[in-house]
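Structural overview for review
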Amino acid sequence: MTGDSSFLRIANIDKTFDGDGKHHPSVKVIDNVSMHIKAGEFIVYLGPSGCGKTTLMRIVGGLESANTGAVYLDDKKVTGPDRKKGMVFQAYTSFPWLTVLENIRFGTRYRNDIDNATKEEISQHYLELVGLKDYANYYVNRISGGMRQRVAIARTLAAAPEILLMDEPFGALDAQTREFLQNQLLDINREERKTTIFVTHDVEEAVVLADRIFMFSARPARIIEEIKVADHITGERDLATKETEAFFHLRNHVRDLMRQQARKTEELAQQELQTTIAQTN
Amino acid sequence: MKLRDLFIYRGTSNTRVDVVLAIFAFIGFIGLWYVIASFEIVSQRYLPVPWQVVTALYTMLTEQKFIEDIWISVARVWGAFLLSAVMAIPFGIWMSSYRIVGTLTEPIVDFIRYLPVPALVPLLIIWFGIGESSKIAVLWMGTFFQLVLLISDDAKRVPREFIETGFTLGAKPWQITWDIVNREMLPKTIDNLRITLGWCWTYIIIAEIVAANSGIGHAIWSARRFVKTPEVMAGILTIGIIGLLTDQAIRLIHRRMFRYL
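Residues numbered from 1 in each chain as written. Chains lettered and ligands numbered in written order. Predicted model: local features only at pLDDT ≥ 70, side-chain atom pairs only at ≥ 80, totals over all residues.

Some words on the interface of chain A and chain B
Opposite the 21 residues of chain A that make contact, chain B presents 13 residues. Looking at which element gives the most residues to the side of chain A that touches chain B, the answer is strand 6 (residues 85–88) of chain A, with three residues. Residues belonging to the side of chain A that touches chain B are distributed by class as follows: 11 nonpolar, five polar and five charged. (Contact = placed C-beta atoms within 7 Å. Helix = DSSP H or I, 4+ residues; strand = E, 2+ residues; numbered from the N terminus. Nonpolar A, V, L, I, M, F, W, Y, C, P; charged D, E, K, R; others polar.)

Let's talk about the packing of helix 3 (residues 66–97) of chain B against helix 6 (residues 132–156) of chain B
Close contact between helix 3 of chain B and helix 6 of chain B brings their axes to 7 Å; oriented N to C, the two are set at 35 degrees. Every pair of crossing elements has a handedness; the one defined by helix 3 of chain B and helix 6 of chain B is right-handed. (Axes fitted to C-alpha atoms, helices over the stretch in contact; angles between N-to-C directions. Left-handed = near helix turned anticlockwise from the far one by under 90°.)

Comments concerning the environment of Tyr34 of chain B
Relative to the assigned elements, Tyr34 of chain B resides in helix 1 (residues 15–38). The contact partners of Tyr34 of chain B, leaving out residues within four places of it in the chain, are Val49 and Pro50 of chain B.

Considerations on the nonpolar core
As a rule of thumb, soluble globular proteins bury nonpolar side chains together. With 127 residues, the main nonpolar core has Leu46, Ala154, Ile213 and Val254 of chain A together with Leu139 of chain B as its most contacted residues. Here Ala154 of chain A is in contact with Ile104, Tyr126, Leu127, Leu129 and Val130 of chain A, once residues within four sequence places are set aside. (Core = buried A, V, L, I, M, F, W, Y, C linked by C-beta atoms within 7 Å. Buried ≥ 20, exposed ≤ 12 C-beta atoms within 10 Å, placed from the backbone.)

What about the packing of helix 8 (residues 173–210) of chain B against helix 10 (residues 229–257) of chain B?
Residues and elements named next belong to chain B. At a minimum axis separation of 11 Å, helix 8 and helix 10 run at an interaxial angle of 175 degrees. Put simply, helix 8 runs roughly antiparallel to helix 10. Residue-level inspection shows Pro187, Ile190, Arg194, Leu197, Gly198 and Trp201 of helix 8 in contact with helix 10, the latter providing Ile239, Gly243, Thr246, Asp247, Ile250 and His254. Partitioned by chemical class, the residues of the contact of helix 8 with helix 10 number six nonpolar, four polar and two charged. (Parallel < 35°, antiparallel > 145°, perpendicular 65-115°, else oblique.)

Focus: the domain arrangement of chain A
Residue and element names in this part refer to chain A. For chain A, the assigned domains read domain 1 (8–84 + 163–169 + 197–280) and domain 2 (85–160). Using C-alpha coordinates to define each centre, domain 1 is positioned 27 Å away from domain 2. Take the side of domain 1 that touches domain 2: its biggest share by element is five residues, from strand 7 (residues 163–167). Of the residues in the side of domain 1 that touches domain 2, the class split is seven nonpolar, two polar and five charged. (Domains from an automatic or database assignment.)

A few points about the domain arrangement of chain B
A common way to state how big an interface is: give the accessible area lost once the parts meet. Partitioning chain B into structural domains gives domain 1 (3–47) and domain 2 (57–257). The C-alpha-based centres of domain 1 of chain B and domain 2 of chain B are spaced at 30 Å.

Brief notes about the sheet that holds strand 7 of chain A
All names here are of chain A. One open sheet holds the six strands; their spatial order is 6-7-8-3-9-10, and the pairing between them is mixed. Each of the sheet's edge strands pairs with one partner strand only, and the pair in question is strand 6 and strand 10 (223–227). Going across the sheet, the axis of each strand differs from the next one's by a mean of 15 degrees, ignoring polarity. Summarising the sheet, strand 3 (residues 42–46) and strand 9 (residues 212–216) pair through four bridges and their orientation is parallel. What sits directly across from Ile43, in strand 9, is Arg212. Packed onto the sheet, helix 4 (residues 145–158) meets strand 6 and strand 7 and runs at close to 175 degrees relative to strand 6. (Pairing = 2+ DSSP bridges.)

Topic: the sheet that holds strand 2 (residues 27–37) of chain A
Residues and elements named next belong to chain A. Taking strand neighbours across the sheet as the criterion, the four strands line up as 2-1-4-5 in an open arrangement whose pairing is antiparallel. The strands lining the two open edges of the sheet, one partner per strand, are strand 2 and strand 5 (76–77). Where strand 1 (residues 8–17) meets strand 2, seven bridges bridge the pair, whose relative direction is antiparallel. Within strand 2, the residue paired with Phe17 across the bridge is Val27. Across the sheet, helix 1 (residues 53–60) is in contact with strand 1, strand 2 and strand 4 (68–73); its angle to strand 1 comes to roughly 125 degrees.

Comments concerning the pairing of strand 3 of chain A
One face of the sheet, then the other: side chains in a regular strand alternate in exactly this way. All names here are of chain A. Among the five residues that make up strand 3, five are buried, leaving the element largely enclosed by the rest of the structure. The alternating pattern of strand 3 places Phe42, Val44 and Leu46 and Ile43 and Tyr45 on opposite faces, both of which are buried. Bridge count for strand 3 against strand 8 (residues 195–200) is five bridges, and the pairing is parallel. If you follow Val44 over to strand 8, its bridge partner there is Phe198.

As for the confidence of the model for chain B
Taken over all residues, the pLDDT of chain B has a mean of 93, while the share at 70 or more is 99%. In the predicted complex, the global pTM is 0.88; the interface-specific ipTM is 0.91. (pLDDT = per-residue confidence, 0-100.)

Details of the environment of Tyr9 of chain B
Residue and element names in this part refer to chain B. Secondary-structure assignment places Tyr9 in the segment before helix 1. Assessed through the 4 C-beta atoms surrounding it within 10 Å, Tyr9 is described here as exposed. Through-space distance from the C-alpha of Tyr9 to that of Thr177 is 42 Å; in sequence the pair is 168 residues apart.

Points about unusual backbone geometry
Here the residue pair Arg219 of chain A and Pro220 of chain A is connected by a cis peptide bond, since its omega of -5 degrees sits within 30 degrees of zero. Along the chain, Pro220 of chain A turns up in the loop between strand 9 and strand 10. Positive phi is not limited to glycine here, since Arg10 of chain B has a value of about 55 degrees. With respect to the element layout, Arg10 of chain B can be found in the segment before helix 1.

So this is what it looks like as structure tokens:
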């Protein structure tokens, strides 16, 4: 299996969550998913809520194990979580007992590849990159949700991961903050060129950010279409990209796909509910 | 002062009003006591007037070596409390960290937790005699098992994302335990310790009443034999004051340590 030039290789992943044999049946969430990702690519996993896209990303991060198949990062099999696979969650994970700067510094805490002076330099660099220099000494529960996510992103980057995994990081934010952070993420990405997997169910977010979108089906997640956004929308991205014709067409296409799958998800939920009701009667 | 707020369901609080009311309540309480005692609604043999208690306390402190009793009780309480804490905190976190530890120990801990401490006193005296070790054992039995479960529950409540964040930043399990789990729950740990220290005072008096020839509990019990009600009440008052002062001190430390809360 070696000799492949792709940076991240996901090979035939299947995942089923075991039921308890009584009230909760076992649920298949991922159905034979494979993909190759090149270094520096920005990948978006798009799909309806609860389809299994987050689980797939967690498997890539080593936080969950697959039933069959494997993930190879730089030709090494992923067996568990570590500093190579940085993760930003939807929930706020910046530590409340630390200030903004201390949180970012925490990202360098377990690095033994650099000395303390370099750690400080890196922390300052990412503090500035996410635009929080003026808030360095604020405790994180004094700042806004959007700022907390920027802290989380900076902290993750300070750990120098090989791949950045983002699980609906802007999901809890209001529309304006969300756009602002999308724009900032584009800026960061231009500077860092970090291989990224970004999970979302927001179509516009997917199209504006992605080099490639993997569109997933309703549960269990299968890839139903791979959309090479970079082939359609060329040049630098920013919020103005959302006003272009190319964006418009691509968004409509992806939105239609998304609607189909969302409908299936609804139907699936109804079926399951009816099965449960039938069982309880 | 917005007194009206006091009567609104879940109305906003005002520190100044609260303090003034607390002082009023306290004065009212002493006043009521004074009235009942001085008009002998209850015989002064059973309920002395407040100043008699204060005088008794003064005499005890200056003439009867009560100060030594206080020190010995404080030493016993803090000794047992610290022993209990340094054992319960790591063990509780350990229980929450690995299923094997939790599953094996939780039923036993839960069982012992429900044993009433006074019922254990005779057994502990047989085992440890009437020296200092039996006092420590009583306090330890009464607090360790409670504290372990409180700590374990709080450790379980540390958000899973915090722990996963630790892993993805390259931390080892022991580093996550120390740098993240322990740190996240620390304010709650300090609160639990404060409450545990209160229990220690309950148990020390029981232990000292049953078998001791020193300590506040012993002093109270000796005074009872000669129906020296003012001295009994002075002893109780002393415990109350020590408890109140320690509690306030820990609260102050809590506020200072955890400014982010």
